[in-house]
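Spelled out from the first residue to the last, the chains are:
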Amino acid sequence: MLRYERKYLVPNEKMDQLRQRLMAFVQPDSYALKNEQGIHQYTVRSIYLDSLDMECYNQKESGIQLRRKLRIRGYNQLDNDSKVVLEIKRKIGSRIKKHRASLYFNDLDDMLRNAKLEDVIITQPGKEALDDARRFFFHLKKKQYRPSNLVVYEREAYHGKMDQGVRITFDKDIRSRISPKIETLYDDRNLKRLFYNHFVLEIKYFTNNMPLWAKSLVQEFKLRNDAISKYTIGYDVSKFNQKLTY
């Protein structure tokens, strides 16, 4: 299913006030754990894959409206039961479609080497996980994608009280490292910060129009919709030490 995704770069100083205003309309994501400050969040870890000629990076920089990104995503810290997600994120104009398949991190390296998807992909009734994994692997081999950038951040996540399809996230302390290895998905060393004084607010919804309460918050806080790519910004910061003006 296609969904709309709006991104806003917000000063950290507005975080508490924005959170307080949101709570009348949202509730914490059930997968998020409460930290010492009482905030429900979790750590997101994504290894973005790209071709040798950096096709995905260049398509984003050129503003191409129909494009895809491949990434391997994990969460929190590594343990014996850690799962990862093979994900294709397709951008179709202003909308997003994702193909996702899960497996255990301990099976990931062998799967990438031997393509034994049926042995390791976690399937569920009514889900297309195996087909999505095959689609992921097809693009991986066709374009000879390899790990390009590791992006890590803390995600504070909520969903709408009245509409479970509406999702609000605060992505904080975003950091990255280029040319990672698959086995370093959970390695936090040598990461560079993308923004020192801002976080990324994302509003995601499936209807043609943003919910009125969300639109009113955007207007109240004077937020500007930006085409923010953690992958490309993180790559620039890590590769070129590019100074950002945010």
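Analysis parameters
Residues numbered from 1 in each chain as written. Predicted model: local features only at pLDDT ≥ 70, side-chain atom pairs only at ≥ 80, totals over all residues. Heavy atoms only, no water. Core = buried A, V, L, I, M, F, W, Y, C linked by side-chain atoms within 4.5 Å. Buried < 20%, exposed > 50% of the residue type's maximum accessible area, 1.4 Å probe, protein only. Helix = DSSP H or I, 4+ residues; strand = E, 2+ residues; numbered from the N terminus. Contact = heavy atoms within 4.5 Å. Arc of directions from axis to C-beta. Pairing = 2+ DSSP bridges. 1 Å grid on protein atoms, 1.4 Å probe; cavity = no way out; pocket = protein on both sides within 12 Å on 5 of 7 lines; lining within 4 Å. Points joined across faces, edges and corners; volume = space filled by probe spheres on them. Nonpolar A, V, L, I, M, F, W, Y, C, P; charged D, E, K, R; others polar. Salt bridge = Lys/Arg side-chain N within 4 Å of Asp/Glu carboxyl O.

Visitor: What is the right way to look at the nonpolar core in this model?
Guide: Here is a general trend for soluble globular proteins: nonpolar side chains tend to be buried in one another's company. Judged by nonpolar contacts, the single largest core of 49 residues is most densely connected at Ile72, Leu86, Leu108, Met111 and Ile121. Element by element, the count of residues in this core is highest for helix α5 (residues 129-142), at 6 residues. If sequence neighbours within four positions are ignored, Leu108 has contacts with Ile72, Val84, Leu86, Leu103 and Ile182. In this structure, Val10, Phe199, Leu201 and Leu217 belong to the second largest nonpolar core, which totals 22 residues.

Visitor: Please clarify how unusual backbone geometry should be interpreted in this entry.
Guide: A negative phi holds for most residues other than glycine; trans holds for most peptide bonds. One non-glycine residue, Ser179, lies in positive phi territory at about 50°. Relative to the elements of secondary structure, Ser179 occurs in the loop between β9 (167-178) and β10 (192-193). The exposure class assigned to Ser179 is exposed, which follows from its relative accessible area of 56%. Here the phi dihedral of Asn190 falls at roughly 60°; this positive angle occurs in a residue that is not glycine. The topology assignment puts Asn190 in the loop between β9 and β10.

Visitor: Would you take a moment to explain helix α6 (residues 212-220) for this structure?
Guide: An α-helical turn contains 3.6 residues, so a residue and the one three or four places further along point in the same direction. By the burial criterion, the buried members of α6 are Trp213, Ala214, Leu217 and Val218. Looking down the long axis of α6, one finds its buried residues gathered within 145° of arc, a one-sided arrangement. Exposed positions of α6 whose direction lies more than 90 degrees from the buried face are Leu212 and Gln219. Summarising the contacts, the buried residues of α6 are in contact with β1 (3-11), α1 (15-22), β2 (26-28), β9 and β11 (198-205). Just downstream of α6, Lys222 is the residue with a positive phi angle, here 55°.

Visitor: Looking at this structure, I do not really get the pairing of strand β6 (residues 83-92). What am I missing?
Guide: Relative to β6, strand β5 (residues 66-75) runs antiparallel, the two sharing 8 bridges. In the sheet register, Ile72 faces β6, and the bridge partner there is Leu86. Pairing analysis gives 10 bridges linking β6 to strand β7 (residues 95-104), with the strands arranged antiparallel. Bridge pairing in β7 places Lys89 opposite Lys98. The hairpin turn running from β6 into β7, its antiparallel successor, is 2 residues long, and Gly93 in that turn takes a positive phi close to 65°.

Visitor: How should empty space enclosed by the protein be read in this particular structure?
Guide: On inspection of all chains with the given rule, the structure shows 2 cavities of 30 Å³ or more. Roughly 100 Å³ of volume is contained in the largest cavity. In terms of lining residues, the largest cavity is bounded by 15 residues, among which Lys7, Arg71, Lys89, Glu202 and Lys230 are the most central. Listing elements by their share of the lining of the largest cavity, those giving two or more residues are β1, β5, β8 (146-160) and β11. Roughly 50 Å³ of internal volume is contained in the second largest cavity. Along the walls of the second largest cavity sit Leu18, Leu22, Ile168, Leu201, Ile203, Trp213, Ala214, Leu217, Val218 and Leu223, which together make up its complete lining. If you list the elements that add at least two residues to the lining of the second largest cavity, you get α1, β11 and α6. Examining the composition of the lining of the second largest cavity, we find that 4 residues originate from one element, α6, more than from any other. Residue classes in the lining of the second largest cavity are distributed as 10 nonpolar, no polar and no charged.

Visitor: Quick question: what am I supposed to make of the pattern of salt bridges here?
Guide: Close approach of charged atoms allows side chains with opposite charge to pair. The final tally for this structure, using the stated rule, is 26 salt bridges. Linking Arg19 and Glu156 is a salt bridge whose minimum nitrogen-to-oxygen distance equals 2.5 Å. With a gap of 137 residues between them, Arg19 in helix α1 and Glu156 in strand β8 connect regions that are remote in the sequence. According to the relative accessible area criterion, Arg19 is buried, its value standing at 13%.

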